[in-house]
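The lines below spell out each chain.
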Amino acid sequence: LITIRQSVREMKSLAVHTVRLEEATQKADEANKAKSEFLASMSHELRTPLNGVIGMTELLAESKLDERQRRFVHTCQSSGKMLLKLISDILDYSKIEAGCMELEQYCFDLRELLDDVVLSMPIRLDDKNIKLTCHLDELLPTRVIGDSHRLRQVLLNLLGNAIKFTDQGEIRLFVHPQRIDDAQVKLLFSVEDTGIGIPADRLGSLFESFSQVDNSISRKYGGTGLGLSISKSIVEKMGGVIGVESQEGVGSRFWFTATFPRCDETSEPNQTTKP
Ligand code: ADP
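Residues numbered from 1 in each chain as written. Predicted model: local features only at pLDDT ≥ 70, side-chain atom pairs only at ≥ 80, totals over all residues. Heavy atoms only, no water.

1. A closer look at helix α4 (residues 148-164)
For an α-helix, 3.6 residues make a turn, and residues three or four places apart therefore share a direction.
Next, step 1: For α4, built from 17 residues, the straight-helix expectation of 24 Å at 1.5 Å per residue is met to within 8% by its first-to-last C-alpha distance of 24 Å.
Next, step 2: With 13 of 17 residues buried, α4 lies mostly within the body of the structure. (Helix = DSSP H or I, 4+ residues; strand = E, 2+ residues; numbered from the N terminus. Expected span 1.5 Å × (residues − 1). Buried < 20%, exposed > 50% of the residue type's maximum accessible area, 1.4 Å probe, protein only.)

2. Here's the deal with the pairing of strand β1 (residues 106-109)
Next, step 1: Of the two faces of β1, the one holding Y106 and F108 and the one holding C107 and D109 are both buried throughout.
Next, step 2: For β1 and strand β3 (residues 143-146), the ladder comprises 4 bridges, and the chain directions are antiparallel. Pairing of C107 across the sheet is with I145, part of β3. (Pairing = 2+ DSSP bridges.)

3. Digging into the state of the cysteines
Next, step 1: Taken as a whole, this structure holds 1 disulfide when the rule is applied.
Next, step 2: Paired through a disulfide, C107 and C263 show a sulfur-sulfur distance of 2.0 Å. Remark: C263 occurs in the segment after β7 (251-261) and C107 occurs in strand β1; sequence separation between them is 156 residues.
Next, step 3: A residue is classified by how much of its surface remains accessible, and C263, at 10% relative accessible area, is buried.
Next, step 4: The closest cysteine sulfur to the non-disulfide-bonded C134 is located on C107, 20 Å from its own sulfur. (Disulfide = S-S within 2.5 Å.)

4. Concerning the packing of aromatic side chains
What describes a pair of aromatic rings is the distance from one ring centre to the other and the angle between the planes of the rings.
Next, step 1: For the structure shown, the criterion picks out 5 aromatic pairs.
Next, step 2: Look at Y93 and F210: their rings are 5.2 Å apart centre to centre, the planes differ by 70°, and that puts the pair in the edge-to-face class. Here F210 lies in the loop between β5 (184-193) and α5 (227-237) and Y93 lies in helix α2 (residues 67-97), a separation of 117 residues in the sequence.
Next, step 3: Y93 sits in the buried class, given a relative accessible area of 16%. (Phe/Tyr/Trp six-rings, centres within 6.5 Å; stacked < 30°, edge-to-face > 60°.)

5. Some words on the UniProt feature "coiled-coil region" (unreviewed entry) in the chain
Next, step 1: Those places that UniProt annotates as "coiled-coil region" (unreviewed entry) correspond, in this numbering, to residues 14-41.
Next, step 2: The span residues 14-41 is 100% helix and 0% strand, and its two end C-alpha atoms sit 40 Å from each other. (UniProt positions renumbered as here; feature names shortened; annotations may be inferred.)

6. Focus: the pairing of strand β4 (residues 168-180)
Next, step 1: One ladder, built from 8 bridges, connects strand β2 (residues 129-136) with β4; its direction is parallel. Of the residues in β4, the one forming a bridge with I130 is G169.
Next, step 2: Where β4 meets β5, 8 bridges bridge the pair, whose relative direction is antiparallel. When the sheet's bridge partners are listed, V175 is paired in β5 with F189.
Next, step 3: What sits between the antiparallel neighbours β4 and β5 is a turn of 3 residues.

7. Some details on the nonpolar core
Next, step 1: Counting residues in each nonpolar core, the largest one holds 45 residues, and the members touching the most others are L151, F189, M238, F256 and F260.
Next, step 2: Examining the composition of this core, we find that 7 residues originate from one element, α4, more than from any other.
Next, step 3: If sequence neighbours within four positions are ignored, F256 has contacts with L151, V154, L155, L158, L187, L188, F189, V235, M238, V241 and I242. (Core = buried A, V, L, I, M, F, W, Y, C linked by side-chain atoms within 4.5 Å. Contact = heavy atoms within 4.5 Å.)

8. Things to note about the site of the ligand
Next, step 1: Around the ligand, 20 residues are found, and the nearest of them are N161, D193, Q212, T224 and L228.
Next, step 2: Within the side chain of N161, an N or O atom sits 2.8 Å from an oxygen atom of the ligand.
Next, step 3: Protein contact buries 95% of the 530 Å² of open area that the ligand shows by itself.
Next, step 4: At the level of secondary structure, the elements contributing two or more residues to the shell around the ligand comprise α4, α5 and β7.
Next, step 5: Of the residues forming the shell around the ligand, the biggest block, 4 residues, is contributed by α4.
Next, step 6: Considered class by class, the residues forming the shell around the ligand number 8 nonpolar, 10 polar and 2 charged. (Near = heavy atom within 4 Å. Polar contact = N/O pair within 3.5 Å; in protein donor to acceptor, adjacent residues only side chain to side chain. Areas by Shrake-Rupley, 256 points an atom, 1.4 Å probe, with all protein chains shown as cover. Nonpolar A, V, L, I, M, F, W, Y, C, P; charged D, E, K, R; others polar.)

In structure tokens form, the structure reads like this:
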């Protein structure tokens, strides 16, 4: 009888703890959702005026300026763009955390997008001795259905990182079809660089949010450590996987797959691939 009473008491206490745990979990979920909503609305409010500032500096850059003024305007422009990237990353991060990042589906010109991404990069190679080349398989379809802006974001992140962490050598973008049928195409994208590489023990955590190989205060390279985790979420939404192979001091190869339904090659793309 004593044992039964003791067990009943233990079960009652367990039930009380379970209820408290459920209440605490619910409160934590609510707080988390409120945090994500706050971050999303703040990021949105910050982006609008910043876009105005960047637009004005672009107009200013086109006017008659002496060398010193041009340098100042250039600094304003690049600082504004860095800030915009940071805010966009925080906005995407909060969307992913809140489980509300959605990809759009429309017909776009894949080759045009890839050309445009590569052409938009060389400006940043000015002070480095790097060659950027693009290798597209001839079987690559021209038009596919998907979210070209999100695909661009992943490619810009991987190419931007390759440039950031490479001082000299070559950066190569490859795009190959892995599987093609009448309905869809599965593509393999890879970005190879001859940069600083990544230590083997850091490769496993690289796609986690805020993960950076060098996170000391005196670190040489800027960034938030959000780009790869955002890219991973986008790639997974595109039905693919993302990975990396790297050797310290030799270089890295970041790759991802994505599946796109095909769209009629004769029909016009219904959305431009430019941002
Ligand atoms: P960020 O570049 O803003 O820090 P990412 O999530 O894009 O954030 O990258 C996370 C980290 O992964 C970088 O800080 C860097 O340490 C490492 N990394 C990413 N790409 C490369 C690369 N191509 N070569 C060397 N290290 C890289």
